[in-house]
Amino acid sequence: MIGEIDHIEIEVSDASEMAEFLEKLGYEQHRQTEHHGESYEYVPGDGEGPLFEIHTVSGEETPGINHIAFGVDDIEEESQRLEEADVDSIVGPYDVDKTGRTITNFRDPDGNRFQIVSDDD
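First, a word on what this report is: a plain description of the structure on this page. Given the structure is predicted, the values throughout are model-derived calculations rather than measurements.

1. Considering the sheet that holds strand β4 (residues 51-56)
As summarised here, the arrangement of the eight strands in space is β2-β3-β4-β1-β5-β8-β7-β6, forming an open sheet in which the pairing is mixed. In this open sheet, the two edge strands, each paired with only one partner strand, are β2 (27-33) and β6 (88-96). Between one strand and the next, the sheet's axes are offset by a mean angle of 25°, whatever the strand orientation. In the sheet, strand β3 (residues 39-44) pairs with β4 via four bridges, with the strands oriented antiparallel.

The following block contains the structure:
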């Protein structure tokens with residue numbers, strides 16, 4: 001079953017600047033990775049709420065929300081269920097070594113990207 005929001009990925013003009021902003025809001029750095037160049041992951045200081053994954057835009061990307069990801073227990077099963085339900089543009093599941101997650105991407109009727117995710121640990 002698709003669960004709570006796992007993370008929200010935001011593309012920004014300056015990831016370091018956004019990291020400082022999130023810290024002012026009370027978020028704490030969870031980790032820094034080389035996913036999409038340099039990325040930061042921030043969690044709420046009180047532990048309540050989704051993780052924010054932020055990275056600096058490059059190329060043709062523009063600042064804004066890239067996707068919202070939902071946590072799942074069994075990504076293979078949920079990916080199959082989405083396919084059987086004729087959800088658009090399903091890609092995955094596949095492993096992302098830099099984040100330690102397995103993900104499946106898909107799109108809503110307006111073309112917005114969503115994701116289901118399972119941590120590898």
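Structure shown, so let's carry the discussion forward.
2. Describing the nonpolar core
With 11 residues, the main nonpolar core is built from Ile-8, Ile-10, Val-12, Ala-15, Ala-19, Leu-22, Tyr-27, Tyr-40, Tyr-42, Phe-52 and Ile-54. Breaking this core down by element, the ones donating at least two residues are β1 (2-12), α1 (15-24), β3 and β4. Leave out the neighbours within four places in its chain, and Leu-22 touches Tyr-27, Tyr-42, Phe-52 and Ile-54.

3. A closer look at helix α2 (residues 75-84)
Buried within α2 we find Ile-75, Glu-78, Ser-79 and Leu-82. For α2, the buried positions fall inside an angular range of 100° around the axis, keeping them on one side. Of the exposed residues in α2, the ones pointing more than 90 degrees away from its buried face are Glu-76 and Glu-84. On its buried face, α2 is in contact with β1, β5 (64-72), β6, β7 (101-107) and β8 (113-119).

Calculation notes
- Residues numbered from 1 in each chain as written.
- Predicted model: local features only at pLDDT ≥ 70, side-chain atom pairs only at ≥ 80, totals over all residues.
- Heavy atoms only, no water.
- Pairing = 2+ DSSP bridges.
- Helix = DSSP H or I, 4+ residues; strand = E, 2+ residues; numbered from the N terminus.
- Axes fitted to C-alpha atoms, helices over the stretch in contact; angles between N-to-C directions.
- Core = buried A, V, L, I, M, F, W, Y, C linked by side-chain atoms within 4.5 Å.
- Buried < 20%, exposed > 50% of the residue type's maximum accessible area, 1.4 Å probe, protein only.
- Contact = heavy atoms within 4.5 Å.
- Arc of directions from axis to C-beta.

This is a description of form; function is not addressed.
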